[in-house]
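Here is how the chains run, residue by residue.
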Amino acid sequence: MNICCIGAGYVGGPTMAVIAQKSPQTRVTVVDMNQARIDAWNSGNLPIYEPGLAEVVAESRGRNLFFSTDVAGEINAADIIFVAVNTPTKTYGVGAGSAADLRFIESVARTIAEVATSGKIIVEKSTIPVKTAETIQKILGANTRGLEFQVLSNPEFLAEGTAIVDLHNPDRVLIGGQKTPAGQKAVQTLADVYADWVPRDRIITTNLWSSELSKLVANAFLAQRISSINSISALCEATDADVDEVARAIGYDSRIGPKFLKASVGFGGSCFQKDILNLVYLCQSYGLPEVAAYWQSVVGINDWQKKRFAAQIVKALFNTVSGKRIAIWGFAFKKDTNDTRETAAISICRDLLEERAEVVVYDPKVPAEQIRTDVLGKGVENDRLIIVDSAEAAAVGAHAIAVVTEWDQFKAIDFEAVFADMPKPAFIFDGRNLLDLEQLRKIGFNATGIGK
Ligand SMILES: NC(=O)c1ccc[n+]([C@@H]2O[C@H](COP(=O)([O-])OP(=O)(O)OC[C@H]3O[C@@H](n4cnc5c(N)ncnc54)[C@H](O)[C@@H]3O)[C@@H](O)[C@H]2O)c1
Ligand SMILES: O=c1ccn([C@@H]2O[C@H](COP(=O)(O)OP(=O)(O)O[C@H]3O[C@H](CO)[C@@H](O)[C@H](O)[C@H]3O)[C@@H](O)[C@H]2O)c(=O)[nH]1
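Residues numbered from 1 in each chain as written. Chains lettered and ligands numbered in written order. Predicted model: local features only at pLDDT ≥ 70, side-chain atom pairs only at ≥ 80, totals over all residues. Heavy atoms only, no water.

Enquirer: Whenever I open this one, the packing of helix α6 (residues 132-143) against helix α9 (residues 208-239) confuses me. Can you help?
Expert: Geometry of a packed helix pair, given as the angle between the helix axes and the separation of the axes. Closest axis-to-axis distance for the α6/α9 pair is 9 Å, and the angle between their directions is 125°. In this view, α6 runs oblique relative to α9, as classed from their interaxial angle. Residue-level contacts link T132, A133 and E134 of α6 to L208, W209 and E212 of α9. A per-class count over the contact of α6 with α9 returns three nonpolar, one polar and two charged. (Axes fitted to C-alpha atoms, helices over the stretch in contact; angles between N-to-C directions. Helix = DSSP H or I, 4+ residues; strand = E, 2+ residues; numbered from the N terminus. Parallel < 35°, antiparallel > 145°, perpendicular 65-115°, else oblique. Contact = heavy atoms within 4.5 Å. Nonpolar A, V, L, I, M, F, W, Y, C, P; charged D, E, K, R; others polar.)

Enquirer: Looking at this model, I keep getting lost on the packing of α9 against helix α11 (residues 272-285). Mind explaining?
Expert: Here α9 crosses α11 at 115°, and the two axes come no closer than 9 Å. For the crossing formed where α9 meets α11, the hand is left-handed. Only F272, D275, I276, N278, L279 and L282 of α11 make contact with α9, whose side of the interface consists of L213, K215, L216, N219, A220, L222, A223 and I226. Across the contact of α9 with α11, the residue classes tally to 10 nonpolar, two polar and two charged. (Left-handed = near helix turned anticlockwise from the far one by under 90°.)

Enquirer: Hey, could you run me through the site of ligand 1 in this one?
Expert: Lining the immediate environment of ligand 1, one finds 26 residues, of which D32, R37, T87, E160 and K274 sit closest. In this structure, V11 approaches ligand 1 through a main-chain N or O atom, which is 2.9 Å from an oxygen atom. Between ligand 1 and M33 there is a distance of 3.4 Å, counted from a nitrogen atom to a backbone nitrogen or oxygen. When ligand 1 sits alone it has 830 Å² of accessible area, and the protein chains cover 93% of it. Of all the elements, helix α5 (residues 103-115) adds the most residues to the shell around ligand 1, at three residues. For the shell around ligand 1, the per-class residue count stands at 10 nonpolar, nine polar and seven charged. (Near = heavy atom within 4 Å. Polar contact = N/O pair within 3.5 Å; in protein donor to acceptor, adjacent residues only side chain to side chain. Areas by Shrake-Rupley, 256 points an atom, 1.4 Å probe, with all protein chains shown as cover.)

Enquirer: Would you mind going over the nonpolar core with me for this structure?
Expert: Core analysis: the largest hydrophobic core is formed by 64 residues, its most contacted members being I328, W329 and F445. Counting residues per element, this core draws most heavily on helix α13 (residues 344-354), which supplies seven residues. Beyond its immediate sequence surroundings of up to four residues, F445 is in contact with F415, V418, F419, M422, A426, F427, I428 and L440. Grouped together as the second largest cluster of nonpolar side chains are 41 residues, C5, V123, A186 and W197 included. (Core = buried A, V, L, I, M, F, W, Y, C linked by side-chain atoms within 4.5 Å. Buried < 20%, exposed > 50% of the residue type's maximum accessible area, 1.4 Å probe, protein only.)

Enquirer: Any chance you could explain the environment of E369 here in plain terms?
Expert: Take E369: it is sitting in helix α14 (residues 368-376). With 296 residues separating them along the chain, E369 and G73 place their C-alpha atoms 35 Å apart. A polar atom in the side chain of E369 sits 3.3 Å from the side chain of R372.

Enquirer: Looking at this structure, how should I read the site of ligand 2?
Expert: The environment of ligand 2 is made up of 21 residues, and the closest members are F157, L158, S264, C271 and R432. A distance of 2.8 Å is found between an oxygen atom of ligand 2 and a backbone nitrogen or oxygen belonging to F333. Contact distances for ligand 2 include 2.8 Å between an oxygen atom and a side-chain N or O atom of K334. Residue assignment for the shell around ligand 2 shows that the elements contributing at least two residues are α9 and α11. The residue inventory of the shell around ligand 2, partitioned by class, reads 11 nonpolar, three polar and seven charged.

Enquirer: Looking at this model, I keep getting lost on a nonpolar patch on the surface. Mind explaining?
Expert: Side chains of L213, V217 and F221 sit close together on the surface and give an oily, nonpolar patch of about 230 Å² of accessible area. You can call V217 partly exposed: its relative accessible area is 31%. (Patch = residues over 30% accessible without salt bridge, like charges linked within 9 Å, V, L, I, M, F, W, Y side chains within 5 Å. Salt bridge = Lys/Arg side-chain N within 4 Å of Asp/Glu carboxyl O.)

Enquirer: Before we go on, may I ask you to explain the environment of A186 in this structure?
Expert: Position of A186 among the secondary structure elements: in helix α8 (residues 181-194). Distance from A186 to V108, taken between C-alpha atoms, is 20 Å for residues 78 residues apart in sequence. Excluding its chain neighbours within four sequence positions, the residues that come into contact with A186 are I121, Q150 and L152.

This is the structure:
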């Protein structure tokens with residue numbers, strides 16, 4: 001069995017590395033048009049940071065796992081082609097700001113149609129709007145001189161930072177296919193690949209459209225829980241209730257469950273906002289404005305939460321941060337990743353810079369240049385944005401520390417020493433409810449958390 005995956009990103013790389021690890025008899029090649037990314041996958045310095053990934057890649061690379069820019073050659077050699085290209089929010093024309101931009105998906109479908117000399121199973125791994133398989137099928141059907149293609153939907157549910165654990169032990173693998181004999185045969189072929197390590201009862205099969213839609217709905221429900229608890233965090237602050245206690249109390253109800261109830265500075269990452277906006281756009285296009293408005297509010301609360309956090313800092317610092325140094329601890333959208341896409345840190349840094357603060361950022365995994373580009377834009381300079389290489393260095397001379405990413409190392413910091421290096425009153429705003437506020441208050445900090 002030959003598998004090719006188009007797109008060597010956060011999904012294509014780790015997913016294929018695990019298939020290669022678990023199915024040594026399968027030859028897996030990940031292709032991308034980005035030469036630098038492929039070179040990095042072939043080097044000792046992988047293009048993404050993910051705990052355990054380097055070990056998994058090392059086990060199979062050169063044996064049955066390959067990274068290449070030979071897109072046409074590998075398409076031709078493959079029995080199954082995974083499509084894991086990016087599907088960002090459209091920034092132009094109809095649907096700008098909410099619809100998914102499917103130009104990379106369409107371009108892949110056209111490339112397959114152009115170069116394939118035998119029939120194949122095409123697997124949608126990217127997150128796409130419901131009915132995308134129909135588009136792919138039409139492009140293939142119109143261009144492939146009668147070759148037999150089956151399009152399957154197999155959305156990816158891994159979360160960054162825990163990608164390898166999630167891939168090794170998924171809650172479920174979802175496969176959608178056509179209800180024809182050929183469609184069902186393709187579904188079984190793909191199910192057999194996963195069955196090398198995933199128990200059969202966790203491999204769920206549905207029709208194509210349920211599978212495509214389930215991915216958007218799963219993300220919408222997960223993000224909705226975060227916006228729900230974040231909305232309650234504001235009420236907790238107004239009433240002296242504690243959001244962690246409220247989350248624990250409601251989470252004990254088995255119908256609600258304890259996960260994904262951690263109040264925060266707001267969700268980030270490349271998926272939640274993009275996928276909800278995509279869902280909103282779909283609802284609007286299908287004439288369901290009330291449903292669209294319901295899901296739009298999940299993003300609305302998230303935007304508000306990010307703004308609220310920065311505004312609270314300004315307010316607590318006597319309504320001005322002009323000329324004051326603010327330490328930002330953590331920039332990635334969550335711990336254990338170097339990904340900064342849609343991280344709340346961008347909005348928070350921008351708001352504080354706008355208030356003329358000196359913003360000093362430390363993140364253990366995000367390169368300085370990435371932080372600069374994210375906050376200011378490519379090539380733009382601002383002396384008031386400073387990037388340092390330790391949390392302690394960021395805090396020297398700072399009027400306040402804002403914890404934006406929940407990196408474990410922040411829990412082990414010597415706060416007495418940090419306190420000594422800060423002008424007084426010294427503030428800590430814990431945007432992740434990571435630290436022991438009582439302990440910090442004993443040292444002398446003005447310490448506050450979200451929903452506390
Ligand atoms: N990041 C996640 O945690 C995650 C999880 C589940 C699903 N998804 C979905 O998976 C998809 C990919 O996400 P990602 O984070 O891996 O994106 P990414 O941007 O990290 O990687 C996509 C890669 O595809 C390549 N590419 C685009 N068009 C190509 C073409 N025509 N030929 C060859 N290569 C091409 C790009 O160069 C890029 O390297 C998206 O639809 C996303 O919504 C992402
Ligand atoms: O209780 C919580 C849980 C998460 N977050 C934040 O929510 C964001 C997203 O976190 P998470 O879902 O863990 O990471 P992602 O990598 O974005 O994964 C989501 O998006 C992926 C891409 O679609 C899906 O595959 C995953 O199932 C889905 O969890 C991050 O900023 C987290 O800090 C909170 O604020 N509170």
